[in-house]
Amino acid sequence: MKVDVLLGLQWGDEGKGKVVDVLTPKYDVIARFQGGPNAGHTLEFDGIKHVLHTIPSGIFHGDKSNVVGNGVVIDPIIFVKEIEALKQYDLPINKRLSISRKAHLILPTHRLLDAASEKAKGKEKIGSTLKGIGPTYMDKTGRNGLRIGDFESPNFNEKYEALKNKHLQILAQYDFEYELEELEALWFEAMNEFKNYKLVDSEHTINDYRKEGKKVLAEGAQGTLLDIDFGSYPFVTSSNTITAGACTGLGVAPNQIGSVYGIFKAYCTRVGSGPFPTELNDSTGENIRKAGNEFGATTGRPRRCGWIDLPALKYAIMINGVTELIMTKADVLSYFEKIKVCTAYVYRGETIDYLPFDVVGEELTPVYEELNGWSEDLTDLKDISNIPKNLNDYIEYLEKVLETPISIVSVGPDRSQTLVRKSKWTVA
Ligand code: GDP
Ligand code: IMO
Ligand code: MG
């Protein structure tokens, strides 16, 4: 069995958590392959909202395995908080969850380095989630990192101290005050929690599942436009958020990737700094933020809002080899008389239909087409055949330009508010 991948095509927060939860009944295994607690994946069902950061979004379903792959970075403190928040639901998490020994650890000093670096950048800051993501991946590629598997070795504390001391030397170069002791005590206490979980060589786990004919869904974090190589560099995260990241982050060979589900919002959002050609700094942007409740699931920051950006989406579809599209938050666009769609940009006086090399600091003016909106509420719809005509036109317009089928349309945050456009999908 090949591994299917679901990942974001924009700047994150496309609704990955919700849709992975909806698709989980179709799969045996859900695996995270990159990112870490910078992710905030929201799931809603039975009137309860859950936000997951490290744990894959299949965790609420019985008989399913959830794997945190080698490409993920883990902060034990945040991991323990997630576990605590789930305790009241009595889920057998330690049976359902396994964690790669090769996943890198976020140390307290990684978090401090993230904050110190952002402070030093001032106005040029990335707008990071301050979870220590950048410094942890830097230590991974710099070959200094500490992995979860090191916790099983007798010299774990020595390795920790060596890396911490390296960090303290770097911190001394910043004009940055910090308090480490309390954080460090919490961190060591949290590390002990891993004794209750299965630490595995997840590349074998995943490939064994595959060979047994089990269906694996790889769950992306962040989005393609935040990818370290193909995103709006340097305003990106520090991992490969794209389909290729599922190969390196799980140990799955490229020829073992099956369907690729690209998820996008019916409009566009971004949280943190960096270019956003279709951003709306006006009342329309404000209305989208309010209707879509666009506030970060991890940091609570207001998300920047704008119209859908087709050149960027086409780029993301190309990079990821997307086979099917999933559109979320269609309900948020109800009541807008007109919906704008960016089809090209004016860049240095020329009209172009691709993202140029360096959009940072460059004026990229969107060229829009205008479509008719719809004035019906979508949130109670149960069947795609009942959607308003203008929404159907919007979907068909997007499919045609993007040359990729849209197989799911999400019309609300709840599990049940999901409309399937192809008969091969039967959604729980
Ligand atoms: P993720 O990071 O991609 O998992 O997305 P987030 O959870 O950060 O952000 C998506 C937000 O939109 C969450 O609050 C979801 O509950 C919510 N959401 C997901 N799909 C829909 C939808 O179709 N309509 C509406 N109104 N909200 C949605
Ligand atoms: P999910 O998985 C939206 C953004 C941050 C910042 C940049 C770098 O919920 O879609 P980092 O902390 O990774 O060094 O921050 O990336 N960012 C996200 N934006 N959703 C996310 O994850 C994000 N994870 C990181 O806001 O601009
Ligand atoms: Mg999110």
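Owing to the predicted nature of the structure, the values given are computational and were not obtained by experimental measurement.

Asker: Is there a simple way to think about the overall build of the chain in this case?
Answerer: When its secondary structure is counted, the chain shows 12 helices and 20 strands. In terms of overall dimensions, the chain is globule-like: its C-alpha atoms have a radius of gyration of 21 Å, near the 22 Å expected for 428 residues. C-alpha atoms of the chain, sized along the principal axes, occupy 65 × 50 × 40 Å. Each of the 428 residues in the chain was classed as buried or not, and the buried ones make up 57%. Nonlocal contacts in the chain, meaning residues at least 24 apart in sequence, comprise 77% of its contacts between residues at least 6 apart. Just so you have it, the chain exposes about 18200 Å², and 48% of that area is on carbon and sulfur atoms.

Asker: How do you make sense of the packing of helix α4 (residues 108-121) against helix α5 (residues 133-141) when you look at a structure like this?
Answerer: Between two packed helices, the angle of one axis relative to the other and the distance separating the axes together describe the packing. Here α4 crosses α5 at 115°, and the two axes come no closer than 7 Å. α5 is crossed by α4, and the crossing has right-handed handedness. Of the residues in α5, those in contact with His110, Leu113 and Asp114 of α4 are Ile133, Pro135, Thr136 and Asp139. Of the residues in the contact of α4 with α5, the class split is 3 nonpolar, 2 polar and 2 charged.

Asker: Quick question: what am I supposed to make of the site of ligand 1 here?
Answerer: Taken together, 19 residues lie near ligand 1, and Lys16, Gly40, Thr42, Asp331 and Ser410 sit nearest. Within the contact set of ligand 1, an oxygen atom lies 2.9 Å away from a backbone nitrogen or oxygen of glycine 15. The backbone of lysine 329 places a nitrogen or oxygen atom 2.9 Å from an oxygen atom of ligand 1. For ligand 1, the protein covers 94% of the area, taking 580 Å² as the surface of the free molecule. For the shell around ligand 1, the secondary structure elements donating two or more residues are α1 (16-23) and β3 (41-45). Among the residues making up the shell around ligand 1, the classes are represented as 4 nonpolar, 7 polar and 8 charged.

Asker: Looking at this structure, I do not really get the site of ligand 2. What am I missing?
Answerer: For ligand 2, the set of nearby residues contains 21 residues, the closest of which are Asp13, Lys16, His41, Thr129 and Thr237. A distance of 2.7 Å separates an oxygen atom of ligand 2 from a polar atom in the side chain of lysine 16. Between ligand 2 and the protein, one listed contact pairs an oxygen atom with a side-chain N or O atom of threonine 237 at 2.6 Å. Here ligand 2, which alone exposes 550 Å², has 98% of that area covered by the protein. A per-class count over the shell around ligand 2 returns 8 nonpolar, 10 polar and 3 charged.

Asker: How should I be thinking about the packing of aromatic side chains in this particular structure?
Answerer: What describes a pair of aromatic rings is the distance from one ring centre to the other and the angle between the planes of the rings. Under the criterion given, the structure shown has 12 aromatic pairs. Considering the side-chain rings of tyrosine 160 and phenylalanine 188, the 4.7 Å spacing of their centres and the 70° angle between planes classify their relative orientation as edge-to-face. You can see tyrosine 160 sitting in helix α6 (residues 156-171) and its partner phenylalanine 188 sitting in helix α7 (residues 181-191), a full 28 residues away along the chain. Owing to a relative accessible area of 26%, phenylalanine 188 belongs among the partly exposed residues under this scheme. Ring geometry for tryptophan 307 and phenylalanine 336: centres 6.1 Å apart, planes at 80°, overall edge-to-face. On the criterion of sequence distance, the pair formed by tryptophan 307 in the loop between β13 (304-306) and β14 (308-309) and phenylalanine 336 in the loop between β15 (324-328) and β16 (338-347) is long-range, its members being 29 residues apart. When sorted by exposure, tryptophan 307 lands in the same class as phenylalanine 336, which is buried. Site record: aromatic cluster; members linked through ring pairs are Phe151, Phe156, Tyr160, Trp187 and Phe188. Above the ring of phenylalanine 45, the side-chain terminus of arginine 415 is found at 3.7 Å from the ring centroid.

Asker: What should I look at first to understand the environment of valine 271 in this one?
Answerer: For valine 271, the position within the fold is in the loop between β12 (268-270) and α10 (283-292). Among all residues touching valine 271, those that are not within four sequence positions of it are Asp13, Arg301, Pro302 and Arg303.

Asker: Quick question: what am I supposed to make of the confidence of the model for the chain here?
Answerer: Caution applies to low-pLDDT regions: their predicted coordinates should not be interpreted in detail. When the pLDDT values of the chain are averaged, the result is 96; 99% of them are 70 or greater. Considering only residues more than four positions removed or in separate chains, one finds that residues 423-428, a stretch of pLDDT under 50, has 13 contacts.

Asker: What's the story with the pattern of salt bridges in this structure? I'm lost.
Answerer: Side chains bearing opposite charge may pair, as long as their charged atoms lie close to each other. Scanning the entire structure with this criterion turns up 20 salt bridges. Two residues, glutamate 152 and arginine 101, come together in a salt bridge whose shortest N-O distance is 2.7 Å. Of the two residues, glutamate 152 sits in the loop between α5 and α6 while arginine 101 sits in the loop between β7 (97-100) and β8 (104-105), which places them 51 residues apart along the sequence. Judged by its relative accessible area of 46%, glutamate 152 falls in the partly exposed class. Where lysine 159 meets aspartate 150, a salt bridge forms, and the shortest distance between an N and an O atom there is 3.0 Å. Exposure remark for lysine 159: the relative accessible area of 33% places this residue in the partly exposed category. Overlapping salt bridges, with partners in common, bring together Asp13, Lys265, Glu294, Arg303 and Lys329 in one network.

Reading the values: the criteria
- Within every chain, residues take consecutive numbers counted from 1 along the sequence as written.
- Each chain gets a letter, beginning with A, and each ligand a number, beginning with 1, in the order they are written.
- A pLDDT threshold of at least 70 governs which residues receive local features in this predicted model, and a stricter bar of 80 or more applies before side-chain atom pairs are shown or counted, although totals over entire chains, interfaces and linings include all residues.
- Only hydrogens and water are set aside; all other atoms, that is, all heavy atoms of the structure, feed into the side-chain values.
- The way it works is that DSSP assigns letters per residue, a run of H or I at least four long becomes a helix, a run of E at least two long becomes a strand, and they are numbered from the N terminus.
- The globule rule used for comparison is 2.2 Å times the number of residues to the exponent 0.38, while the radius of gyration itself is calculated over C-alpha atoms.
- In this scheme, a residue with accessible area under 20% of its type's maximum is buried, one over 50% is exposed, and one in between is partly exposed, where area comes from a 1.4 Å probe on protein chains only.
- We call two residues contacting when some pair of their heavy atoms lies within 4.5 Å.
- For the area figures, the Shrake-Rupley method with a 1.4 Å probe applies, and any residue is considered shielded solely by the protein chains shown.
- Between N-to-C directions, angles span 0 to 180 degrees; the directions come from axes that are lines fitted to C-alpha atoms, helices contributing only their stretch in contact.
- A clockwise turn of the near helix away from the far one marks a right-handed crossing, whereas an anticlockwise turn of less than a right angle marks a left-handed crossing.
- Three classes are used: nonpolar for Ala, Val, Leu, Ile, Met, Phe, Trp, Tyr, Cys and Pro, charged for Asp, Glu, Lys and Arg, and polar for all others, with Gly counted as polar.
- For each residue, the test is whether any non-hydrogen atom lies within 4 Å of the molecule or strand; if one does, the residue is near.
- As used in this structure description, the phrase polar contact means that two N or O atoms lie within 3.5 Å; if the pair is within protein, one of them must be able to donate a hydrogen and the other to accept it, and residues adjacent in sequence are counted only when both atoms belong to side chains.
- Aromatic pairing here means that ring centres of Phe, Tyr or Trp (its six-membered ring) are within 6.5 Å. Orientation follows from the plane angle: under 30 degrees is stacked, over 60 is edge-to-face, and everything else is tilted.
- We call a charge positioned above a ring when the Lys NZ or Arg CZ atom is no farther than 6 Å from the ring centre and deviates by at most 35 degrees from the ring normal.
- What pLDDT reports is the predictor's confidence in each residue, on a scale of 0 through 100.
- A carboxyl oxygen of Asp or Glu within 4 Å of a side-chain nitrogen of Lys or Arg is what we treat as a salt bridge.

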